[in-house]
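One letter stands for each residue in the lines below.
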Amino acid sequence: MSSSEAFTELPSVAPQLRALRRRASLTLEAAAGAAGLSPAHLSRLETGQRQPSLPMLLALARIYGTTVSELLGETVADRDAVLRAADMEPTAAGGWTYVQAGAPGRGMQALRVQVPHGSQGDIVRVHPGEEWLYVLKGRLRLRLGDTTHRLDPGDSAHFDSLTPHRIAAQDPEGVELLFVHTLLQSPTATLCLGPNLGETP
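Model, not experiment: these values are computed from the prediction.

Asks: Whenever I open this one, the sheet that holds strand β8 (residues 165-169) confuses me. Can you help?
Replies: Picture the strands of a sheet paired through backbone hydrogen bonds; they go either parallel or antiparallel. Here we have three strands laid out as an open sheet, ordered β6-β5-β8, and antiparallel in their pairing. Only two strands of the sheet have a single neighbouring strand rather than two, namely β6 (147-151) and β8. The sheet shows a mean angle of 20 degrees between the axes of neighbouring strands, taken without regard to direction. Of the strand pairs in this sheet, strand β5 (residues 140-144) and β6 are connected by five bridges, and their pairing is antiparallel. By the bridge assignment for β6, R143 is matched with T148.

Right under this line is the structure:
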C-alpha cells in the first residue's frame, strides 16, 4: 500500500488541525512558519483540500503541544490535572536536573529545575515564545539582552524568549527554580533547556 493510499483511509484531519491551532492561540502564519510550511499550504490542510504527510503531522503535533493521535481525532485518555511528587522522575542534561511539573501534551511546559554553579553559563538562547521563572532556592543570574539581573528566592521573571537570554547560578550552592515556557519555542524537543535534549533553543 502506498503512503498516499494509506492517508486516503484516514479520517479527515482538517477540523482537528484548525481546532488545535486555535487552542494553541496561534495564527495561521505563526503555525505555518514554525512548521516550515506556507500559510496557503496550512490553510489547504485545514480545509481538507490537502492531506498532510506524516512529517507534517509530527511537526504540527509538536507545535500544538499534542500528539499525532489527537490530530487524527483518535480518542485521547484524559490527562490528569494533578501531578504527584512521587510520580515525577528527574532527568539530567547538560549538568542541569529537570522534573516535569506539568502534564504532557499542553501548550505550555512546566519544569522544576536545578542549576549547578558553572553549568551552561555561556549558552545564550534566542527563540520564539515566552518564559516565566520563579526562584525557589539559591540566587539566579539572568541576563536579558545587555542587562544582568540577580534574582533571590521569591523573585520571578517573565520575558519574551526572542530577547537573548542566559541563565546561571550565582552561588556555588547552585539554584533551584520553577520554569514555565511555551512549547512553540522548540518544536523538536520535549525538554528545551539542556543542550543534550534535542534542539538547543
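Asks: So what exactly am I meant to see when it comes to the pattern of salt bridges here?
Replies: A full pass over the atoms with the stated rule returns five salt bridges. Among the salt bridges present, the one from E46 reaches R18, with a minimum N-O distance of 3.6 Å. Placement of E46 in helix α4 (residues 39-46) and of R18 in helix α2 (residues 14-23) is noted, with a sequence separation of 28 residues between them. Here R112 makes a salt bridge to E176, at a shortest N to O gap of 2.5 Å. One end of the pair, R112, is in strand β3 (residues 108-115); the other, E176, is in strand β9 (residues 175-182), with 64 residues separating them in the sequence. Overall, the relative accessible area of 9% leaves E176 in the buried class. One salt-bridge network, held together by shared partners, links R18, R21 and E46.

Asks: Teacher, can you tell me more about the sheet that holds β9 here?
Replies: Reading across from one edge, β1-β2-β3-β9-β4-β7 is the order of the six strands in this open sheet, with antiparallel pairing throughout. Edge positions in the sheet fall to β1 (90-93) and β7 (156-160), since each has one partner strand and no second. When the angles between neighbouring strand axes are averaged without regard to direction, this sheet yields 25 degrees. Two elements, strand β4 (residues 130-137) and β7, share five bridges in a ladder whose sense is antiparallel. Within the sheet, the bridge partner assigned to W132 lies in β7 and is H158.

Asks: I tried to follow the packing of aromatic side chains on my own but got confused; where do I start?
Replies: To describe a pair of aromatic rings, you give the distance between the ring centres and the angle between the ring planes. Scanning the entire structure with this criterion turns up two aromatic pairs. With centroids separated by 6.2 Å and ring planes inclined at 40 degrees, the aromatic side chains of W96 and Y98 adopt a geometry described as tilted. The exposure classification of W96 matches that of Y98, with both residues buried. With 6.2 Å between their ring centres and 15 degrees between their planes, W132 and Y134 make a pair best called stacked. Given a relative accessible area of 30%, W132 falls into the partly exposed group.

Reading the values: rules and limits
Residues numbered from 1 in each chain as written. Predicted model: local features only at pLDDT ≥ 70, side-chain atom pairs only at ≥ 80, totals over all residues. Heavy atoms only, no water. Pairing = 2+ DSSP bridges. Helix = DSSP H or I, 4+ residues; strand = E, 2+ residues; numbered from the N terminus. Axes fitted to C-alpha atoms, helices over the stretch in contact; angles between N-to-C directions. Salt bridge = Lys/Arg side-chain N within 4 Å of Asp/Glu carboxyl O. Buried < 20%, exposed > 50% of the residue type's maximum accessible area, 1.4 Å probe, protein only. Phe/Tyr/Trp six-rings, centres within 6.5 Å; stacked < 30°, edge-to-face > 60°.

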